[in-house]
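Listed below are the residues making up each chain.
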Amino acid sequence: MVRASSLLPSRRLAFGMKPLRSLRYLYLRLIRLQASPAEIGRGLAIGVFAAMFPAFGLQTIISILIATAVRGNKLAAAAATWVSNPLTYVPIYAFNFHVGQQILGARSLHFDFAVSPSLNDLTQMGADFLVVMFVGSFVVGTVSAGLSYAAAVPIVRRIKQRLHKQRSL
């Protein structure tokens, strides 16, 4: 008899791993999903899109909701939001802000991402900052999502074909 708990990954295994082993585990989980390469690609693209927005703590929820709406893989969407993490927040959001400035021509609006902003700094910049950041995040997110989808689908398709050949031998 197979216990349901034996089918789920052990918490100790998932969180006690070394980084490379943890990445391999995530890779294997994504590849073995019972989803088409297009569904996995849509999930990854949605996750990358959501990761470009400074919605700390909500990126995963947003990506799962959007993935559900567009029939993308929810696990792939949630995993792809990890592109945005404490090590990458500042460079991603600084780039998004710069893109927003260029698109909107808001060169007079300056923001120093190297210095942690106070709530007062953000409120003084107000809606202008939010609009510039949102436009930049939307554009960068859309381009990143398109590139992610275009790269993911053929890669996942190739890997799934290779796994299928190995299982049939």
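Residues numbered from 1 in each chain as written. Predicted model: local features only at pLDDT ≥ 70, side-chain atom pairs only at ≥ 80, totals over all residues. Heavy atoms only, no water.

Some thoughts on the overall build of the protein
Each helix and strand in the protein was counted, giving eight helices and zero strands. A burial count over the protein gives 34% of its 169 residues as buried. Put simply, of all contacts in the protein between residues at least 6 apart along the chain, 66% involve residues at least 24 apart. Here the protein displays about 11300 Å² of accessible surface, and carbon together with sulfur accounts for 66% of that area. (Helix = DSSP H or I, 4+ residues; strand = E, 2+ residues; numbered from the N terminus. Buried < 20%, exposed > 50% of the residue type's maximum accessible area, 1.4 Å probe, protein only. Contact = heavy atoms within 4.5 Å. Areas by Shrake-Rupley, 256 points an atom, 1.4 Å probe, with all protein chains shown as cover.)

Regarding helix α5 (residues 59-69)
The set of residues buried in α5 consists of Gln59, Ser63 and Ala67. Mapping the buried residues of α5 onto a view down its axis gives an arc of 65 degrees, with all of them on the same face. Exposed residues lying more than 90 degrees from the buried face of α5 are Leu65 and Ala69. For α5, the secondary structure elements touched by its buried residues are α4 (37-51), α6 (74-80) and α7 (89-104). Just past α5, the residue arginine 71 takes up positive phi, approximately 60 degrees. (Arc of directions from axis to C-beta.)

Focus on the packing of α4 against α5
One way to put it is that α4 packs onto α5 with a least axis distance of 9 Å and a crossing angle of 140 degrees. By the angle between their axes, α4 is oblique relative to α5. Judged by the twist between their axes, the crossing of α4 over α5 is right-handed. Residue-level contacts link Ile46, Gly47, Ala50 and Ala51 of α4 to Gln59, Ile62, Ser63, Ile66 and Ala67 of α5. (Axes fitted to C-alpha atoms, helices over the stretch in contact; angles between N-to-C directions. Parallel < 35°, antiparallel > 145°, perpendicular 65-115°, else oblique. Left-handed = near helix turned anticlockwise from the far one by under 90°.)

Description of unusual backbone geometry
The phi angle at arginine 71 is positive, at roughly 60 degrees, despite the residue not being glycine. Structurally, arginine 71 can be placed in the loop between α5 and α6.

Some thoughts on a nonpolar patch on the surface
Taken together, the side chains of Leu58, Ile61, Ile62 and Leu65 make up a nonpolar region of the molecular surface, amounting to roughly 370 Å² of accessible area. Mapped onto the elements of the fold, isoleucine 61 is located in helix α5. Residue class for isoleucine 61 comes out partly exposed when judged on its relative accessible area of 47%. (Patch = residues over 30% accessible without salt bridge, like charges linked within 9 Å, V, L, I, M, F, W, Y side chains within 5 Å. Salt bridge = Lys/Arg side-chain N within 4 Å of Asp/Glu carboxyl O.)

Quick word on the environment of valine 140
Secondary-structure assignment places valine 140 in helix α8 (residues 119-168). Accessibility expressed as a relative area gives 10% for valine 140, which makes it buried. Separated by 88 residues in the primary sequence, valine 140 and methionine 52 place their C-alpha atoms 7.0 Å from one another. Leaving out residues up to four positions away in the same chain, valine 140 has contacts with Met52, Phe95, Asn96 and Val99.

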